[in-house]
Protein chains: 2
Amino acid sequence: MKADLDLLMRESQIAALLVLGATRHNPAMVYFTGRVSVSSAELIKVVGQEPRLYYRSAMEREEAARTGLQTRSAEAYRPKQLLEQANGDVVLAQAMRYRQMLEELGVNKGRIAIYGMVEAGTAYALFSALGRLMPEIELVSEADQGVLGRARMTKDAQEIEQISQMGRVTVEVVGLTAEFLSSHGEKGGVLVKKNGDPLRIGDVKRQIRLWLAERGAESPQGIVLALGREAAIPHSSGDDQGVLELGKTIVFDIFPCQEGGGYYYDFTRTWCLGYAPEPVQELYEDVEAVYRQIVELLQADEQCSKYQELACDLFEGRGHATLRSDPATIEGYVHSLGHGVGLQVHERPWFGASATPADRLVAGSVFTIEPGLYYPSKEIGIRLEDTFVVEPDGRIRPLATFPMDLVLPISRPSRRKKN
Amino acid sequence: MKADLDLLMRESQIAALLVLGATRHNPAMVYFTGRVSVSSAELIKVVGQEPRLYYRSAMEREEAARTGLQTRSAEAYRPKQLLEQANGDVVLAQAMRYRQMLEELGVNKGRIAIYGMVEAGTAYALFSALGRLMPEIELVSEADQGVLGRARMTKDAQEIEQISQMGRVTVEVVGLTAEFLSSHGEKGGVLVKKNGDPLRIGDVKRQIRLWLAERGAESPQGIVLALGREAAIPHSSGDDQGVLELGKTIVFDIFPCQEGGGYYYDFTRTWCLGYAPEPVQELYEDVEAVYRQIVELLQADEQCSKYQELACDLFEGRGHATLRSDPATIEGYVHSLGHGVGLQVHERPWFGASATPADRLVAGSVFTIEPGLYYPSKEIGIRLEDTFVVEPDGRIRPLATFPMDLVLPISRPSRRKKN
């Protein structure tokens, strides 16, 4: 949790965190600044001190001040003079400014963990230069130490409220989507608009983005609305030109965040328009049963990997291949059971191959449970997903609820379930 | 232009470009892939060869294939085996995969330029490891070589069509915003909704995001809708709680991009609700005159910095301070005249302090002209901005047009222009 940050830094012997980039769509930065619009900034958090925000342009001083953090203009470091001292080398001039900022805060040796979404080449050049300028420091990344990742792995009440609020937005928009689809007529086995033209996946997604925007949310990583054969490939986002065929599974995986790149929510339902053919119904029942059994067994203080194993046991018990029984399979249960959700849609704790003993369900964990089955050969894909929280008292509950119905009734279907 | 990439690579003796990250909100990647949803990928462009895309998860194979590029799954490099060879060091294992990918394409020495929006710490650790694994290569960044930046500095017909399309969306949404504001009543000098509550900046922005979403656009870097004192600070995005006061300047700077992070457009108008006080009117006339004089003089094959100087001449001639006459001023003309627009809202060519002789207006340049005046002490800020293109024949035209009226009439104003 955020409150543990100094403790985690001390544990990993990190003298300071240095975070670069904008204050939008930049999780490590937003974790400290909240949602403001500063286009280019640095943040330094020295162990035991409050974080400081350095904004690049004086024009952004008011935006920077909205963070409530101590702020300073990068222009205070006389960029022109630094550039002259660096013989016109902009990267070196920037590294010289970082050295000044760090030294001012008493950091001239020790381990500095670096963060922030920036251009890879710039980061490499900049930190190579800083390393040369400050040979007594050691630059480390999340991959080495994971200080921020470990802090972010559990959420405080304020963060959980923000994720819950996105959960409310999500299920509201999912409800509107179901109504929208159901309100369409059917012709030749596909949904059609009033003018008789087929409704397309792209039309539905545009509508969904609209409903999200109305609610202060956005979907920067896309929306999965994949039908039939595409639904059978877990991360296919669906073809915008695709039509909505009755009797095919639609995987609807929606993972919006607060506008500007704040907290996410992650949610999936699988629908069949009009009717569900028998093979779909059967596979759906398998997924739903596994979902319910796992959710029933969720318990605080357990390792996440335990539930991944359990999901494999349950699916294999029902006769499906899993990545455990056949690492190369693309049919059956082919992805991990869940993941943490926060300022990134996928973050720790991990449930699958990347899980460590530290990936546990503890108070403040926010995570998804999302079993699924995929049969490209049958053009069927099914996934059910909700986002859960571990309460301070260890109880585990979903942050938003939505019915599990498979069939979305269509107003004037011409076909009925055949069997 | 994209077609010049091999030439530019040869000029800078770059053996390969290596681009990391997602295919959304990642300009260097989107430049090659177009708009698809692959959450984690690498792209390698060897000089003289077609680019190749490596997707991290087999689940994303269909999305990757939509790029039309040659694709390969990263899983083909046996990540588990690599991780074992790297003794569990995930960063080293990834660097080992990059080495394999590069060597396979015949790159085992020379300069490799690295790109892509990723976590700074990861980039630094990864490329430090790759540099150790491949001592014969030299890793360079855009700051050193600028190969991609120089290619992207001029746009081909397909890119210009995409930017124009965003221009059409932008002026449509600006028109809707003007109508929306004008349709509100006034009470106590501020715009009010039907129920008598004041309309707030946040309400208007929410509506704007909606109109953008309806048109397949988004505004990942925010929207400037800043009134009065806030308008007088160029990059203040405006206070969501702020009310819309009559007779104050509103700077409305909108810079949306194609949904998912594609091509941008950049546009600003300044409005006064109901009436414009004399001092606002005067400053507005100065900005508009400078805008018109500059646009009149725009010519292909000129250096951008020439127009920056010209803007300073013109504003100083009208009695305003500029950053040239007083580098510390926060009153007068305090920012640069324009910038390139493409997959980033701000990119080369530069007009201000960062401009080099290579920052010129040439066929395929897409750039803004945006003079402005700011007087925080008077609570007045004014900026006018359009995005222009240099045609293949050297003619220069705005990519979208919108009226320049200062006053937005309000249906039932209780006050009138006083002078």
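Residues numbered from 1 in each chain as written. Chains lettered and ligands numbered in written order. Predicted model: local features only at pLDDT ≥ 70, side-chain atom pairs only at ≥ 80, totals over all residues. Heavy atoms only, no water.

## Observations concerning the overall build of chain A
Here is the rule: Helix and strand definitions follow DSSP, with helices as H or I runs of at least four residues and strands as E runs of at least two, each counted in order from the N terminus. Summary of the burial criterion: residues with accessible area below 20% of their type's maximum are buried, those above 50% are exposed, and those between are partly exposed, where the area comes from a 1.4 Å probe applied to protein chains only. For this analysis, residues touch if any pair of their heavy atoms sits within 4.5 Å. Note on areas: Shrake-Rupley, 1.4 Å probe, and residue coverage restricted to the protein chains presented here. Positive charges come from Lys and Arg alone, negative charges from Asp and Glu alone, with His and the N- and C-terminal ends not counted. In plain terms, the charge of a residue is placed at NZ if it is Lys, CZ if Arg, CG if Asp and CD if Glu.
In terms of helices and strands, chain A carries 11 helices and 22 strands. Sorting the 419 residues of chain A into buried and exposed places 60% on the buried side. When contacts within chain A are restricted to residue pairs at least 6 apart in sequence, those whose partners lie at least 24 apart make up 67%. By element, 48% of the accessible surface of chain A is carried by carbon and sulfur atoms, the whole surface being about 16,100 Å². Side-chain charges of chain A comprise 47 positive and 57 negative groups, with the mean position of each set lying 4 Å from the other.

## As for empty space enclosed by the protein
Convention followed: In the cavity and pocket records, a cavity denotes points on a 1 Å grid over the protein atoms alone where a 1.4 Å probe fits but cannot get out, a pocket denotes an open set with protein on both sides within 12 Å along at least 5 of 7 lines, and lining residues are residues with an atom within 4 Å of a point. Grid points are joined across faces, edges and corners, and a volume is the space filled by probe spheres set on the points. All residues other than Ala, Val, Leu, Ile, Met, Phe, Trp, Tyr, Cys, Pro, Asp, Glu, Lys and Arg, Gly among them, are scored as polar; the first ten of these are nonpolar and the last four charged.
Summed over all chains, the structure comprises 1 cavity of 30 Å³ or more. In this structure, the largest cavity spans a volume of roughly 200 Å³. Lining the largest cavity are 17 residues, and of these Ala217(A), Glu218(A), Ser219(A), Ala217(B) and Glu218(B) sit closest to its centre. Counting only elements with at least two residues in the lining of the largest cavity, the list comes to α9 (201-214) and β10 (217-218) of chain A together with α9 (201-214) and β10 (217-218) of chain B. Of the residues belonging to the lining of the largest cavity, the class tally is 8 nonpolar, 2 polar and 7 charged.

## Focus: the environment of Pro27(A)
Residue and element names in this part refer to chain A. Here Pro-27 is to be found in helix α2 (residues 27-33). Judged by its relative accessible area of 12%, Pro-27 is buried. Aside from chain neighbours lying at most four places away, what touches Pro-27 is Met-117, Arg-152, Leu-343 and Gln-344.

## Quick notes on unusual backbone geometry
Note: most peptide bonds trans; most residues except glycine with negative phi. Residues and elements named next belong to chain A. A cis geometry characterises the amide bond from Arg-348 onward to Pro-349, with omega recorded as 5°. Here Pro-349 shows up in strand β16 (residues 347-350). In this structure, Arg-78 takes a positive phi of about 50° despite not being glycine. By secondary structure assignment, the location of Arg-78 is in the loop between β4 (70-73) and α4 (79-85). Phi at Asn-87 is positive, roughly 50°, even though this residue is not glycine. Mapped onto the fold, Asn-87 is located in the loop between α4 and α5 (90-104).

## Topic: α9(A)
Definition in use: The span you would expect from a helix comes to 1.5 Å times its residue count less one.
Over its 14 residues, α9(A) runs 20 Å from end to end, which matches the ideal 20 Å to within 8%, given 1.5 Å per residue. Extensive coverage of α9(A) is indicated by the burial of 11 of its 14 residues. Turning to α9(A), its buried residues are Ile201(A), Gly202(A), Asp203(A), Val204(A), Lys205(A), Ile208(A), Arg209(A), Leu210(A), Trp211(A), Leu212(A) and Ala213(A). Packing partners of the buried residues in α9(A) comprise α8 (157-182), β10, β11 (223-227) and β12 (249-254) of chain A together with α9 of chain B. Of the residues one or two after α9(A), Gly216(A) is the one with positive phi, at around 75°.

## Thoughts on the sheet that holds strand β11 (residues 223-227) of chain B
All names here are of chain B. Put simply, the rule reads: Between any two strands, at least two bridges found by DSSP are needed for them to pair. Orientation is described by axes fitted as lines to C-alpha atoms, over the contacting stretch for helices, and by angles from 0 to 180 degrees between their N-to-C directions.
Across the sheet, which stays open at both edges, the 4 strands sit in the order β11-β12-β14-β22 with mixed pairing between neighbours. Each edge of the open sheet is held by one strand with a lone partner, namely β11 and β22 (407-408). Relative to β22, strand β14 (residues 267-273) runs parallel, the two sharing 2 bridges. By the bridge assignment, Leu-273 is partnered in β22 with Leu-408. Along the sheet face, helix α8 (residues 157-182) touches β12 (249-254), β14 and β22 and points at about 10° away from the line of β14.

## What about the packing of helix α10 (residues 278-297) of chain A against helix α11 (residues 304-317) of chain A?
Residue and element names in this part refer to chain A. Rule in force here: Throughout, a crossing is termed right-handed when the near helix is turned clockwise from the far one, and left-handed when it is turned anticlockwise from it by less than a right angle.
The N-to-C vectors of α10 and α11 enclose an angle of 145°; their axes lie 10 Å apart at closest approach. Considering how the two elements wind past one another, α10 and α11 form a crossing that is right-handed. Touching Asp-286, Val-287, Val-290, Gln-293, Ile-294 and Leu-297 of α10 are Tyr-307, Leu-310, Ala-311, Leu-314 and Phe-315, all from α11. Here the residues of the contact of α10 with α11 sort into 9 nonpolar, 1 polar and 1 charged.

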